[in-house]
Amino acid sequence: MDESAPMRAIMIGASVFVTIATITGVLAYYSTSKDLVNAIGTGTDIGQEYANYIENILLKTDNTVEIKGTDVINLLNYFYRDEKAQINVTYIRQDHSFESYTNVDATNKNVVVKSSRTNLDEKSYNQALQFIVPTQKFTMTKSVNNEDVLLVEIVYKI
């Protein structure tokens, strides 16, 4: 019995030491993390960053600007079903079955699609998202009508 009493005391002492070290480590980690969050903030507001990106596209200095297909897709996504904006898109649909289309560009065998109110019409919206090439260049013209509706005209650029 004499040997088990010192062994128990050593085990209890080691357990208390490990417990205190663990609690100290957790508190130090928590304190450091809390200070870091206070210093840099809780993170990026993805929605606000997306809104700023769309605003930067629309606020380019010229009335007629060149944008990429990715910007067109983002504009359509941002203003989808938003009555405060009307986006008309003319793009090239690269398709091999031309029989059902009347407006075919004979020089490069592509179908030209003129879509009015693309962001407000679900069928036109889905078709535009499917066929607009992200790397293609477009020309964007913007204006505001009497009812404060943003009118955006986007046409493919050859």
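Everything that follows concerns the structure shown earlier in this document.
The structure displayed is predicted, hence computed values, not measured ones. (Residues numbered from 1 in each chain as written. Predicted model: local features only at pLDDT ≥ 70, side-chain atom pairs only at ≥ 80, totals over all residues. Heavy atoms only, no water.)

K.L.:
Account for the overall build of the protein, with residues named and values stated.
P.N.:
Helices and strands together make up the secondary structure of the protein, namely four helices and six strands. Taken across its 158 residues, the protein has 30% of its residues classed as buried. Carbon and sulfur atoms make up 57% of the accessible area of the protein, which totals about 11100 Å². (Helix = DSSP H or I, 4+ residues; strand = E, 2+ residues; numbered from the N terminus. Buried < 20%, exposed > 50% of the residue type's maximum accessible area, 1.4 Å probe, protein only. Areas by Shrake-Rupley, 256 points an atom, 1.4 Å probe, with all protein chains shown as cover.)

K.L.:
How would you summarise the nonpolar core if you had to cite specific residues and measurements?
P.N.:
Among the nonpolar cores identified, the biggest contains 28 residues, and I67, L75, I132, M140 and I154 are the most heavily contacted of them. At the level of secondary structure, the elements contributing two or more residues to this core comprise α2 (46-58), β1 (64-68), α3 (69-78), β2 (85-93), β4 (110-115), α4 (122-131), β5 (137-144) and β6 (150-156). The contacts of M140, once residues within four sequence positions are left out, are I57, L58, N63, T64, V65, I67, L75, V152, E153 and I154. (Core = buried A, V, L, I, M, F, W, Y, C linked by side-chain atoms within 4.5 Å. Contact = heavy atoms within 4.5 Å.)

K.L.:
Tell me what's going on with unusual backbone geometry, and back it up with residues and numbers.
P.N.:
Not every positive phi belongs to a glycine, and R117 is a case in point at roughly 55°. Tracing the sequence through the fold places R117 in the loop between β4 and α4. Even without a glycine there, the phi angle at D148 is positive, about 60°. Within the fold, D148 resides in the loop between β5 and β6. Relative accessible area serves as the criterion here: at 59%, D148 is assigned to the exposed category.

K.L.:
Pulling in residues and values, what's your account of the pattern of salt bridges?
P.N.:
Considering all chains together, one arrives at two salt bridges under this definition. The salt bridge involving K157 is made with E66; its shortest N-O contact spans 2.5 Å. Here E66 lies in strand β1 and K157 lies in the segment after β6, a separation of 91 residues in the sequence. Given a relative accessible area of 39%, E66 falls into the partly exposed group. A salt bridge links E122 to R81; the shortest N-O distance between them is 2.7 Å. Of this pair, E122 sits in helix α4 while R81 sits in the loop between α3 and β2, and the two are 41 residues apart along the sequence. The partly exposed category is assigned to E122, whose relative accessible area is 40%. A relative accessible area of 48% places R81 in the partly exposed class. (Salt bridge = Lys/Arg side-chain N within 4 Å of Asp/Glu carboxyl O.)

K.L.:
Would you mind going over α2 in detail, with residue names and values included?
P.N.:
Along an α-helix, a turn takes 3.6 residues, which lines up residues three or four apart on a common side. The terminal C-alpha atoms of α2, which comprises 13 residues, lie 19 Å apart, in line with the 18 Å expected from a rise of 1.5 Å per residue. Residues of α2 that are buried in the fold lie against β1, α3, β5 and β6. (Expected span 1.5 Å × (residues − 1).)

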